[in-house]
Amino acid sequence: MTPKRALTVLAAAAALTATATTTSSAAPVRAAACGAGYVGLTFDDGPSGNTTKLLDALRQNGLRATMFNQGQYAAANPSLVRAQVTAGMWVANHSYTHPHLTRLSQAQIDSEISRTQQAIANAGGGTPKLFRPPYGETNATVKSVAARYGLTEIIWHVDSQDWNGASTDAIVQSVARLTNGQIILMHDWPANTLAAIPRIAQTLASRGLCAGTISPQTGRAVAP
């Protein structure tokens, strides 16, 4: 091998080593950022007049969430459902009119769930795989009807109490209680929840947690 050829080979080897080093060092950064696991951020009752601001805040802070939409609002605001998808969120079923499902007949429960599936699909939100019963109220009939539509029932591990006037500080403190795989209940409409988004992102990052998707198989938060 000529000296010139040897130098060329050495240079190529050095370049490959540098590339490998860069690639191997970049991969653990993501793993380290989510080293403590994933949690599920969920927002009920949308889409609403607040949805656009909420989506902007989530995107600006690098967060993804599951949006449990009411069918009546999805039907009335299809562009907002599409905006949820465009923003990288996952769209799920939260009944059509938010009734106490356990007080309804099987046929009425079926109507609440099926019409919401259709409204979300018609709006461009895809076919939901997750269902949250209003108020977290469920029974065997509600579960069986949801299962008939291929839906996994999702409740929550932590209630932010944002629906009950919780302060921004209290909402952030609720997020701080989450551990790997757990899900927090929040809502689309409270001003304090919107204000909490940047601090929610900071809180999760400081604890090595990332916002994940919710697995239909396990009902827990996992990597997207």
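Scroll up to find the structure.
Description of the structure in this document. (Residues numbered from 1 in each chain as written. Predicted model: local features only at pLDDT ≥ 70, side-chain atom pairs only at ≥ 80, totals over all residues. Heavy atoms only, no water.)

## Remarks on the nonpolar core
Move 1: With 27 residues, the main nonpolar core has Leu-41, Phe-43, Leu-58, Leu-63, Ile-197, Ile-200 and Leu-204 as its most contacted residues.
Move 2: Every element with two or more residues in this core is listed here: strand 1 (37-44), helix 2 (51-60), helix 7 (168-175), strand 7 (183-187), helix 8 (191-206) and strand 8 (209-211).
Move 3: When residues of this core are assigned to their parent elements, the largest contribution, 5 residues, is made by helix 8.
Move 4: For Leu-63, the contacting residues outside a window of four places in its chain are Leu-41, Leu-58, Met-89, Ile-197, Ile-200, Ala-201, Leu-204 and Ala-211.
Move 5: Of all hydrophobic cores here, the second largest spans 8 residues; its members include Leu-101, Ile-109, Ile-113 and Phe-131. (Core = buried A, V, L, I, M, F, W, Y, C linked by side-chain atoms within 4.5 Å. Buried < 20%, exposed > 50% of the residue type's maximum accessible area, 1.4 Å probe, protein only. Helix = DSSP H or I, 4+ residues; strand = E, 2+ residues; numbered from the N terminus. Contact = heavy atoms within 4.5 Å.)

## Here we look at helix 5 (residues 106-122)
Move 1: Taking 1.5 Å per residue as the helical rise, helix 5 with its 17 residues ought to reach 24 Å, and the 24 Å between its terminal C-alpha atoms agrees with that figure.
Move 2: Considered for burial, the residues of helix 5 that qualify are Ile-109, Asp-110, Glu-112, Ile-113, Thr-116, Gln-117, Ala-119 and Ile-120.
Move 3: On the buried face of helix 5, the contacting elements are strand 2 (66-69), helix 3 (71-76), helix 4 (78-86), strand 3 (90-93), strand 4 (130-131) and helix 6 (140-148).
Move 4: Gly-124 lies just past helix 5 and shows a positive phi near 95°. (Expected span 1.5 Å × (residues − 1).)

## A few points about the pairing of strand 2
Move 1: Of the two faces of strand 2, the one carrying Thr-66 and Phe-68 and the one carrying Met-67 and Asn-69 are both buried.
Move 2: Two strands pair when backbone bridges link them, and strand 1 and strand 2 are joined in this way by 3 bridges, in the parallel orientation. Bridge assignment links Phe-43 to a residue of strand 2, and that residue is Met-67.
Move 3: With respect to chirality, the unit in which strand 1 leads through helix 2 into the neighbouring parallel strand 2 is right-handed.
Move 4: Judged from the 4 bridges that link them, strand 2 and strand 3 form a sheet pairing that is parallel. Each bridged residue has a counterpart across the sheet, and for Met-67 the counterpart in strand 3 is Val-91. (Pairing = 2+ DSSP bridges. Right-handed = clockwise from strand over helix to strand, strands pointing away.)

## Description of the state of the cysteines
Move 1: With the rule as written, the count across this model stands at 1 disulfide.
Move 2: Sulfur-sulfur distance for the disulfide between Cys-34 and Cys-210 comes to 2.0 Å. Torsion about the S-S bond of the Cys-34 and Cys-210 cystine: about -80°, corresponding to left-handed handedness. Here Cys-210 lies in strand 8 and Cys-34 lies in the loop between helix 1 (3-33) and strand 1, a separation of 176 residues in the sequence. (Disulfide = S-S within 2.5 Å.)

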